[in-house]
Amino acid sequence: MTKTAMASAQQIIALLNSHVQGDQEQFLSIALQVAAGEARSGRKDTADQLRRLVQAARNEARKSQTSIAGDNRAIPIAQPRGELQPLLSVQYPKVRLSQMVLDRTTVRRLDDLLRQQAQRDLLRAHAKVPSSRLLLAGPPGSGKTMTAAALAGELHLPLFSVRLDALITRYLGETASKLRLIFDHLASTRGVFLFDEFDAIGGDRGSDNDVGEMRRILNSFLQFMEEANSTDSVIIAATNHPELLDHALGRRFDDVIVYAMPDDKAVKEVVERHLGSFRPKQLAWKKILPSAAGLSHAEISRGVDDVIKRTILDGEKVAKSADIATALAERQQAKLALSGKQDS
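Residues numbered from 1 in each chain as written. Predicted model: local features only at pLDDT ≥ 70, side-chain atom pairs only at ≥ 80, totals over all residues. Heavy atoms only, no water.

With that settled, consider the pairing of strand 3 (residues 159-162). Where a strand is regular, its side chains alternate between the two sheet faces. Here strand 3 shows two buried faces, one formed by Leu159 and Ser161 and the other by Phe160 and Val162. Direction of pairing for strand 1 (residues 88-91) relative to strand 3: antiparallel, over a ladder of 4 bridges. Bridged to Gln91 within strand 3 is Leu159. In the sheet, strand 3 pairs with strand 4 (residues 192-195) via 3 bridges, with the strands oriented parallel. In the sheet register, Ser161 faces strand 4, and the bridge partner there is Leu194. (Buried < 20%, exposed > 50% of the residue type's maximum accessible area, 1.4 Å probe, protein only. Helix = DSSP H or I, 4+ residues; strand = E, 2+ residues; numbered from the N terminus. Pairing = 2+ DSSP bridges.)

Written out as structure tokens, the structure reads:
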């Protein structure tokens, strides 16, 4: 009985908080969670009544949204305030997964998370928890951060990016306290929360270079990850160095997706998509592909973008394959120089 009362109190707090912030979608989501709890307790009539009221509210919201041109977002941006302000940046991304070049397996797994989030109330009615915690690993520029933005865009949710420079401090216990603030916000405001460069928090606790404070930070993070997510916020951790992560993290995430450098097929798709209307009828792939070897999705996109800008300034209508190959080769050489692998 006490446990039930505590859960009800937490839901009432979350309901009032979402009402104060004007977050209708979060308000209705929590109401459906209450309905699911009523159904599990055998009060089917009350559960059905709650579900009907929520559906009616959503139908009314859709009608009002259609009168606002170009606005298909269900909830407004919730700007972090007070102590949270330096810890989180927020935006509403417009990017979608269809705009990304991803392999079929990655697309399927991301689509599965989106499907579970879209029908999370149905899953909870069957006592199942929708996937909401994702670990992305791979080299810089492979699409991890863009994936977080695309998931937020698909879900019509704000993307909250955690600012590690403000989160991690040298004062004992302060970082864990700031993490507590972030997870409290996560529990009261539905969104996609991105922890980029996650190895700064999730480093191996057994590392020889580790210190006691970093172990405490990771332990706090692991503890917070175990807490109930009343808003179904999505937590995304991204790292360029998965080998540095603590082994305990793997089981805290619902899925781990590893990104790789683009193969020839992906290179072609990135180049063609980014060229858009500046794409010539034929591209000399035998010149372009070798120049793109070892470059990330982001590096290829930037190289093509350089060519497009020069094409515009030269008054031309389409880009040239030779220019694309040269631009990518230059980025390839710069990358080798920065990594110290270029011949002296």
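Moving on from the coordinates now.
A word on the packing of helix 12 (residues 285-292) against helix 14 (residues 321-339). Look at helix 12 against helix 14: their axes get within 8 Å of each other, and the N-to-C directions meet at 15°. In terms of their interaxial angle, helix 12 and helix 14 are classed as roughly parallel. Crossing hand, helix 12 versus helix 14: left-handed. Where helix 12 abuts helix 14, its residues Lys287, Ile288, Pro290, Ser291 and Ala292 lie against Ser321, Ile324, Ala325, Leu328, Ala329 and Gln332. Split by residue class, the contact of helix 12 with helix 14 holds 7 nonpolar, 3 polar and 1 charged. (Axes fitted to C-alpha atoms, helices over the stretch in contact; angles between N-to-C directions. Parallel < 35°, antiparallel > 145°, perpendicular 65-115°, else oblique. Left-handed = near helix turned anticlockwise from the far one by under 90°. Contact = heavy atoms within 4.5 Å. Nonpolar A, V, L, I, M, F, W, Y, C, P; charged D, E, K, R; others polar.)

Right, let's talk about the nonpolar core for a bit. Among the nonpolar cores identified, the biggest contains 30 residues, and Ile182, Phe183, Phe195, Phe198 and Phe221 are the most heavily contacted of them. In terms of residue count, helix 10 (residues 212-225) provides more of this core than any other element does, 6 residues in total. When near neighbours in sequence (up to four residues on either side) are disregarded, Phe195 contacts Val162, Leu179, Ile182, Phe183, Ile201, Phe221, Ile235, Ile236, Ala237 and Ala238. Residues Leu97, Leu155, Val234 and Ile236 belong to the second largest nonpolar core, which totals 24 residues. (Core = buried A, V, L, I, M, F, W, Y, C linked by side-chain atoms within 4.5 Å.)

As a further point, take unusual backbone geometry. The residue His156 is not glycine, and still its phi comes out positive at about 55°. Examined against the element boundaries, His156 turns out to sit in the loop between helix 6 (144-155) and strand 3. A positive phi is found at Glu197, a non-glycine position, where the angle reads about 50°. Structurally, Glu197 is set in the loop between strand 4 and helix 9 (199-202). Taking the relative accessible area as the measure of exposure, Glu197 reaches 52% and is therefore exposed.

Taking 1.5 Å of rise per residue, the 17 residues of helix 13 (residues 297-313) would be expected to cover 24 Å, and the 25 Å separating its terminal C-alpha atoms lies within 8% of that figure. Within helix 13, burial applies to His297, Glu299, Ile300, Ser301, Gly303, Val304, Val307, Ile308 and Thr311. As for helix 13, its buried residues are in contact with helix 11 (264-275), helix 12 and helix 14. Where helix 13 ends, the next residue or the one after it, Gly315, has phi of about 75°, a positive value. (Expected span 1.5 Å × (residues − 1).)

The next point concerns the pattern of salt bridges. All chains considered together, the criterion is met by 14 salt bridges. We note a salt bridge from Asp255 to Arg109, for which the minimum N-O separation is 2.8 Å. Placement of the pair is Asp255 in strand 6 (residues 255-258) and Arg109 in helix 4 (residues 104-118), with a sequence separation of 146 residues. Residue classification places Asp255 among the partly exposed residues on the basis of a relative accessible area of 23%. Here Glu272 makes a salt bridge to Arg279, at a shortest N to O gap of 3.0 Å. What you see here is one network of salt bridges that share partners, running through Asp305, Asp306, Lys309 and Arg331. (Salt bridge = Lys/Arg side-chain N within 4 Å of Asp/Glu carboxyl O.)

So, on to the confidence of the model for the protein. Across the protein, the average pLDDT comes to 82, with 83% of residues at 70 or higher. A low-confidence stretch, residues 1-7 (pLDDT under 50), is modelled with 0 contacts involving residues beyond four sequence positions or located in other chains. For residues 64-76, every residue scores under 50 in pLDDT, and the model assigns this stretch 16 contacts once sequence neighbours within four places are set aside. (pLDDT = per-residue confidence, 0-100.)

Turning our attention to the packing of helix 13 against helix 14. Taken N-terminus to C-terminus, the directions of helix 13 and helix 14 make an angle of 135°; their axes are 9 Å apart at the nearest point. Considering the angle they form, helix 13 stands oblique to helix 14. In this structure, the crossing between helix 13 and helix 14 has a hand that is right-handed. Residues Glu299, Ile300, Arg302, Gly303, Val304, Asp306, Val307 and Arg310 of helix 13 form the contact with helix 14, whose own contacting residues are Asp323, Ile324, Ala327, Leu328, Arg331 and Lys335. Its residues assigned to classes, the contact of helix 13 with helix 14 shows 6 nonpolar, 1 polar and 7 charged.

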